[in-house]
Amino acid sequence: MRVASVFQVLTCLFSVSLVAAVGGKTDICGECRGSLNIPKLLSPKTFNVFGNINTCLCLSTIPNYIASNSLALSAVSYGGRDAVTNALTSLIYSGNHGTCNYPEHSQPSCQFGNPCGFTCTDGFTLNILSYPPNCVCPKPFTVCNGQCGLFKGCPSSYGKRSLSESSGKLLCPVGLAACQIIGRGTESWECVDTKQDLESCGGCMIQSSRPGFYKEEGVDCTAINGVSDVSCIEGKCRVRRCMPGYLVNEAGDNCVEDHGYSKLISQFDDLFEVTRVVWFNGIGASFFAPTIDMAFPN
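Right, let's walk through the structure included here. (Residues numbered from 1 in each chain as written. Predicted model: local features only at pLDDT ≥ 70, side-chain atom pairs only at ≥ 80, totals over all residues. Heavy atoms only, no water.)

Some details on the packing of aromatic side chains
Following the criterion strictly, the structure yields 2 aromatic pairs and no others. Residues Phe-50 and Tyr-78 carry aromatic rings whose centres are separated by 5.5 Å and whose planes lie at 50° to one another, so their mutual orientation is tilted. Note that Phe-50 is positioned in strand E2 (residues 47-58) and Tyr-78 in helix H3 (residues 70-79), a separation of 28 residues in sequence. Owing to a relative accessible area of 21%, Tyr-78 belongs among the partly exposed residues under this scheme. On the basis of an interplanar angle of 80° and a centroid distance of 6.3 Å, the ring pair of Tyr-102 and Phe-118 is categorised as edge-to-face. With Tyr-102 in the loop between strand E3 (97-101) and strand E4 (106-108) and Phe-118 in strand E5 (residues 118-120), this pair connects stretches of sequence that are 16 residues apart. (Phe/Tyr/Trp six-rings, centres within 6.5 Å; stacked < 30°, edge-to-face > 60°. Helix = DSSP H or I, 4+ residues; strand = E, 2+ residues; numbered from the N terminus. Buried < 20%, exposed > 50% of the residue type's maximum accessible area, 1.4 Å probe, protein only.)

Listed below in structure tokens is the structure:
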């Protein structure tokens with residue numbers, strides 16, 4: 001129960017900090033040095049070690065790290081995205097970390113010795129003479145629709161994916177929804193097919209109050225606990241298969257614990273223990289072990 005409580009607290013911290021990183025330009029970043037420990041499916045108080053993590057991470061960059069790191073992906077396939085997120089969050093808080101405040105037109109660039117480092121985006125340049133450092137658009141460049149550069153003119157809508165101030169609508173093709181990008185600034189967004197996107201099924205993962213953004217909240221189908229094979233069909237998660245120890249529920253949109261499987265594993269453990277005791281007591285080979293009746297699930 002103690003382990004579960006810690007994970008619940010960390011999950012809560014992650015959720016709050018992620019919203020702040022996107023909307024308020026703050027984040028929590030830290031140096032992660034340690035093993036990636038994921039709770040065992042049938043014994044949550046014990047852990048499987050998937051390897052060592054030696055990197056600098058921010059709470060808002062955890063989703064991108066999981067999607068691009070082979071070690072994290074391997075852990076997700078075993079314990080699920082939530083368990084890996086909790087483990088990485090714990091590593092961030094356990095090392096040298098801090099609450100980071102970022103200027104506009106920047107993104108986190110966590111580094112050892114400087115967890116709150118950042119890089120300027122949108123053509124802006126780092127101004128180290130200011131305190132705290134910020135991102136500026138130096139002359140002769142000018143700012144047009146959030147971009148720093150040389151412009152002959154600045155139309156009200158610059159580029160194909162800009163916000164139209166007059167209509168308040170984002171210029172996404174018909175059938176796609178404008179969703180804010182996780183771990184990026186409020187001006188970063190993408191067009192998503194929420195009817196079949198696995199990680200934004202049914203809506204956007206981040207809710208934005210800005211005009212033109214899709215308002216429905218989405219679901220990350222890949223984060224379903226115990227899922228093995230899943231699709232997003234018409235904005236709904238459709239589970240085909242679950243990992244050992246789980247079954248597809250009646251609605252076909254989730255994985256539930258298979259109690260029969262757990263009982264079977266427990267009986268096998270009992271059988272192996274009896275066999276081990278008999279063998280090492282010198283009574284004979286394993287076939288002398290008492291037979292244990294096992295009720296196999298249908």
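So, helix H4 (residues 81-94)
End to end, H4 covers 20 Å across 14 residues, agreeing with the expected 20 Å (1.5 Å per residue, within 8%). Taking burial as the measure, the 14 residues of H4 include 10 buried ones, the bulk of the element. Along H4, the residues that are buried comprise Arg-81, Ala-83, Val-84, Thr-85, Asn-86, Ala-87, Leu-88, Thr-89, Leu-91 and Ile-92. (Expected span 1.5 Å × (residues − 1).)

What to know about the nonpolar core
Leu-36, Ile-38, Ile-53, Ile-66, Val-84, Leu-88 and Ile-92 are the most contacted members of the largest nonpolar core, which has 19 residues in total. Ranked by residues supplied to this core, first place goes to H4 with 6 residues. Excluding anything up to four places from it in sequence, Ile-92 contacts Ile-28, Cys-29, Gly-30, Cys-32, Leu-57, Cys-58, Leu-59, Ile-62 and His-97. Among the nonpolar cores identified, the runner-up in size contains 11 residues, and Cys-201, Cys-237, Val-239 and Cys-255 belong to it. (Core = buried A, V, L, I, M, F, W, Y, C linked by side-chain atoms within 4.5 Å. Contact = heavy atoms within 4.5 Å.)

Comments concerning the sheet that holds E2
With antiparallel pairing, 3 strands are arranged side by side in an open sheet as E2-E1-E3. For this open sheet the edge positions go to E2 and E3, each flanked by a neighbour on one side alone. Neighbour-to-neighbour, the strand axes of the sheet open up by a mean angle of 25°, direction not taken into account. Of the pairings in the sheet, the one linking strand E1 (residues 26-39) to E2 comprises 10 bridges and is antiparallel in character. The partner of Gly-30 across the bridge, within E2, is Leu-57. On the sheet, H3 packs against E1 and E2 and is oriented at approximately 135° with respect to E2. Against the sheet, H4 touches E1, E2 and E3, its axis set at about 120° to E1. (Pairing = 2+ DSSP bridges. Axes fitted to C-alpha atoms, helices over the stretch in contact; angles between N-to-C directions.)

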